[in-house]
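# Geometric and topological summary
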Amino acid sequence: MKNVYDILMERGYIEQATAEEEIRDLLGRESVTFYIGFDPTADSLHVGHFIQVMVMMHMQQAGHRPIALLGGGTAMVGDPSGKSDMRKMLTQERIANNARLFQKQFSRFIDFGENKAIMVNNADWLLDLNYIEFLRTIGVHFNVNRMLSAECFKNRMEKGLTFLEFNYMIMQAYDFLELFRLHNCKMQLGGNDQWSNIIAGADLVRKVEAKPAYGLTFSLLTTSEGKKMGKTESGALWLDAEKTPPYEFYQYWRNVDDRDVEKCLALLTFIPMEEVRRLGSLEGSAINEAKETLAYEVTKMVHGEEEAIKAQTAARSLFAGAEESDDIPFTQIEKTRLDEGVDIISILVETGLASSRSDGRRLIRQGGIYINADRIESEDQIISTEDLDDGKILIRKGKKVYHQIRI
RNA sequence: GGAGAGGUACCCGAGUUGGCCAAAGGGGGCAGACUGUAAAUCUGCUGGCAAUGCCUUCGCUGGUUCGAAUCCAGCCCUCUCCA
């Protein structure tokens, strides 16, 4: 069987490692317990987290034991890594609630049965720490001069860093030590922005326990232009179907830049690498096949096969201009209102296609709104029962945003 | 605690001898053309509304004035230097 390190390397996950050869040997030799931390700062995981989850899945398939660490404690401090401003503090209840939601989502991807994987919350050991005792046993091992020169604080050296956030690194390092003691966890994985925090942890374990500990980081999901991927107009691309509907999720991947397709296939699907390379090398419009595959596979993993098929069918029919599909976002409007007729601007605002009535007028003026394939010419157009087609009205905004009105 | 600089729309950033400022320019975003549901390029739009006008907006509160992003007072916040 192939060494999982090589698999991760081939697919392009690995960015930095504390001791490349040693880690590779270790992973090839024994079942290793490792952890990745997730701070529950939102009520759903997003694609940025998903890449970490992918790594956990690869590792678990290779016989290693993942620990999903929920940062119920660290989220109360907030990671300053790479951020130019301090985040707003979250309440304890919010964090606990988010942690519960994260937990549910993890279970979809990782098998937590029979000691195959572990989920823990660092609130369990961080919240009750005694300050003086902590400083004396853990604090002594940290050199402030060195910490300040860490890459992750670089942004903050100009803008200012609070003592609260400065402690984040120490807390994360302590997590590693705690997991080493509790579960014999030898390795911490994470996004490349976590490098400083990870080596701090590995160092701490080595100093305190005199045993080897390793760190490994993965490339962040960025576009060919260097921007973070998974950003949409409404914020992040969430894994929660309530926050990002499967159709929208599918469309995001269907629309990625040509140059990013291969990378995404490698990082976000389990498609064999020969196939990934073939799809990635398709030229011209043929590369749409690769994008469809990408969108389908990722959606399937996150939302299940049924939703993936629905999203794909909906997208195909809409863009082929053929028959409609029901699996696109829709808004219900009472029939009595349609009987009387509703002005198009109101419809646009109610469906969320326009952010305000002014925005709606603008869209129409610029020719960006279509009802059942007909371009709207007048801002005063009235939508009524006559526009119904099989109980539905299809609205298109721009080239590819579809929405349905149902009664 | 002391000295200085500054807070402008989604972001950056002009504007501070008071009216010509819903506020230059850039970025981002949206729409149009082109196209492959891609990129690049070009064009338009980008506070709200019952829209040739009206309302709200330039850190907050009050003041001067016919009129304030621009002047005055107090307050809050940020940054730099000093302690």
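Below, the structure is looked at part by part. (Residues numbered from 1 in each chain as written. Chains lettered and ligands numbered in written order. Predicted model: local features only at pLDDT ≥ 70, side-chain atom pairs only at ≥ 80, totals over all residues. Heavy atoms only, no water.)

## Observations regarding the protein's contact with RNA strand B
Taken together, the neighbourhood of RNA strand B is formed by 31 residues, with Asn255, Asp258, Ser358, Arg362 and Lys400 sitting nearest. Interatomic distance of 2.5 Å between a side-chain N/O atom of Lys400 and a phosphate oxygen of RNA strand B. Counting residues per element, the ones that place at least two in the surface near RNA strand B are helix H8 (154-159), helix H12 (246-254), helix H15 (287-303), helix H16 (305-320) and helix H19 (357-365). Grouping the amino acids of the surface near RNA strand B by side-chain chemistry returns 5 nonpolar, 11 polar and 15 charged. (Near = heavy atom within 4 Å. Polar contact = N/O pair within 3.5 Å; in protein donor to acceptor, adjacent residues only side chain to side chain. Helix = DSSP H or I, 4+ residues; strand = E, 2+ residues; numbered from the N terminus. Nonpolar A, V, L, I, M, F, W, Y, C, P; charged D, E, K, R; others polar.)

## Regarding the pairing of strand E2 (residues 33-38)
Within E2, 5 of the 6 residues are buried, which leaves the element mostly enclosed by the surrounding structure. Across 6 bridges, E2 lies against strand E3 (residues 65-70) in parallel orientation. Looking at the pairing, Tyr35 lines up with Ile67 of E3. Considered for its hand, the β-α-β crossover made up of E2, helix H3 (residues 47-61) and E3 is right-handed. Pairing of E2 with strand E5 (residues 187-191), which is carried by 3 bridges, proceeds in the parallel orientation. What sits directly across from Phe34, in E5, is Met187. (Buried < 20%, exposed > 50% of the residue type's maximum accessible area, 1.4 Å probe, protein only. Pairing = 2+ DSSP bridges. Right-handed = clockwise from strand over helix to strand, strands pointing away.)

## Regarding a negative patch on the surface
On the surface, Glu20, Glu21, Glu22 and Asp25 cluster together into a patch of negative charge. Tracing the backbone through its elements, the reader meets Asp25 in helix H2 (residues 20-29). (Patch = residues over 30% accessible without salt bridge, like charges linked within 9 Å, V, L, I, M, F, W, Y side chains within 5 Å. Areas by Shrake-Rupley, 256 points an atom, 1.4 Å probe, with all protein chains shown as cover. Salt bridge = Lys/Arg side-chain N within 4 Å of Asp/Glu carboxyl O. Lys, Arg positive; Asp, Glu negative; His and termini not counted. Charge placed at Lys NZ, Arg CZ, Asp CG, Glu CD.)

## Focus: the pattern of salt bridges
Under the defined criterion, the tally for this structure stands at 22 salt bridges. For Arg181, the salt bridge is made with Glu209, and the minimal N-O distance between the two is 2.8 Å. Pair noted here: Arg181 is in helix H10 (residues 168-183) and Glu209 is in helix H11 (residues 195-209), with a separation of 28 residues, a long-range link. With relative accessibility at 24%, the residue Glu209 sits in the partly exposed group. Within the structure, one salt-bridge network assembled from shared partners comprises Lys2, Glu10 and Arg277.

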